[in-house]
Amino acid sequence: MPNEFGVDVTVHIRLDPRWRELENRFQQVVEIAARHVETKAKEDVPLKTGATKNSINASPEGELAWRVGPTTEYAPFLEYGTRYMIARPFLIPALEQETPRLQRAIIQVTQELS
C-alpha cells in the first residue's frame with residue numbers, strides 16, 4: 001500500500017459563467033504548479049539511496065486538484081524529523097516556494113475574464 005504522505009494542491013475559486021471558457025487554463029496552471037513542486041522537492045530531498053527522490057510524484061486528483069508526494073515509508077520522518085533525527089523538510093518548502101507563483105498565475109487568468 002502506498003504511503004499517504006503528500007501535499008494536496010487544490011484551488012477553490014468562485015467564478016462567473018465564463019468559467020467553462022477558462023477551465024483548461026486553470027487546469028494547466030494547477031498542473032504546472034504541481035509539477036514545479038515535484039521538481040523542487042526532488043532537488044531538495046535528502047539523498048542516501050535515492051529511493052525517496054525517485055518516489056516523489058505529482059498526479060491528478062480531480063479537475064483542479066493534484067497530489068504531490070513521495071511513497072517511501074520514511075519520507076515523513078525526513079520532512080518532520082523524529083526525536084532522534086532533525087527534520088530535513090523538502091516537500092513543504094517546495095510548496096511554499098511555488099505558492100506565490102501559483103497565486104500570480106491564478107490572478108492573471110482571472111484578469112482575462114475582464
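Summarised in this report is the structure supplied together with it. (Residues numbered from 1 in each chain as written. Predicted model: local features only at pLDDT ≥ 70, side-chain atom pairs only at ≥ 80, totals over all residues. Heavy atoms only, no water.)

## A few points about the overall build of the protein chain
Looking only at helices and strands, the protein chain features 4 helices and 3 strands. Mapped in sequence order, the helices and strands of the protein chain form the string β-α-α-β-β-α-α. Going through the 114 residues of the protein chain one by one, you find that 35% of them count as buried. Across the protein chain, every contact between residues at least 6 apart in sequence was considered, and the portion connecting residues at least 24 apart equals 61%. Accessible surface, the protein chain as shown: approximately 7,500 Å² in total, 52% of it carbon and sulfur. (Helix = DSSP H or I, 4+ residues; strand = E, 2+ residues; numbered from the N terminus. Buried < 20%, exposed > 50% of the residue type's maximum accessible area, 1.4 Å probe, protein only. Contact = heavy atoms within 4.5 Å. Areas by Shrake-Rupley, 256 points an atom, 1.4 Å probe, with all protein chains shown as cover.)

## Side note on the pattern of salt bridges
Overall, the coordinates contain 5 salt bridges when judged by the stated rule. A salt bridge links Glu 31 to Arg 35; its shortest N-O distance comes to 3.5 Å. Residue Glu 31 and its partner Arg 35 are located together in helix α1 (residues 19–44), separated by 4 residues, close to a single helical turn. Among the ionic pairs, Asp 44 bridges to Lys 40, the shortest N-O distance being 3.1 Å. Placement of both Asp 44 and Lys 40 in helix α1 is noted, with a separation of 4 residues, approximately one turn of the helix. Classification of Asp 44 as partly exposed rests on a relative accessible area of 34%. Taken together, the shared-partner salt bridges in this structure form one network comprising Glu 31, Arg 35, Glu 38 and Lys 42. (Salt bridge = Lys/Arg side-chain N within 4 Å of Asp/Glu carboxyl O.)

## Side note on the sheet that holds strand β2 (residues 57–62)
Taken together, 3 strands build an open sheet; the order of strands is β1-β3-β2 and the sheet is antiparallel. A strand with exactly one partner marks an edge of an open sheet, and here the two such strands are β1 (7–10) and β2. Strand-to-strand twist of the sheet, defined as the mean angle between neighbouring strand axes without regard to direction, takes the value 25°. The pairing of β1 with strand β3 (residues 65–69) spans 4 bridges and is classified as antiparallel. (Pairing = 2+ DSSP bridges. Axes fitted to C-alpha atoms, helices over the stretch in contact; angles between N-to-C directions.)

## Let's talk about the nonpolar core
Nonpolar side chains in soluble globular proteins tend to end up buried together. Counting residues in hydrophobic clusters, the biggest one holds 27 residues, and the most contacted among them are Phe 26, Val 68, Phe 90, Leu 91 and Leu 102. Those elements that place two or more of their residues in this core are β1, α1, β3, α3 (75–80) and α4 (91–111). Counting residues per element, this core draws most heavily on α1, at 9 residues. Once you skip the residues sitting within four places of it in the chain, Val 68 turns out to touch Gly 6, Val 7, Val 9, Ala 34, Val 37, Glu 38, Asn 57, Ala 58 and Leu 91. (Core = buried A, V, L, I, M, F, W, Y, C linked by side-chain atoms within 4.5 Å.)

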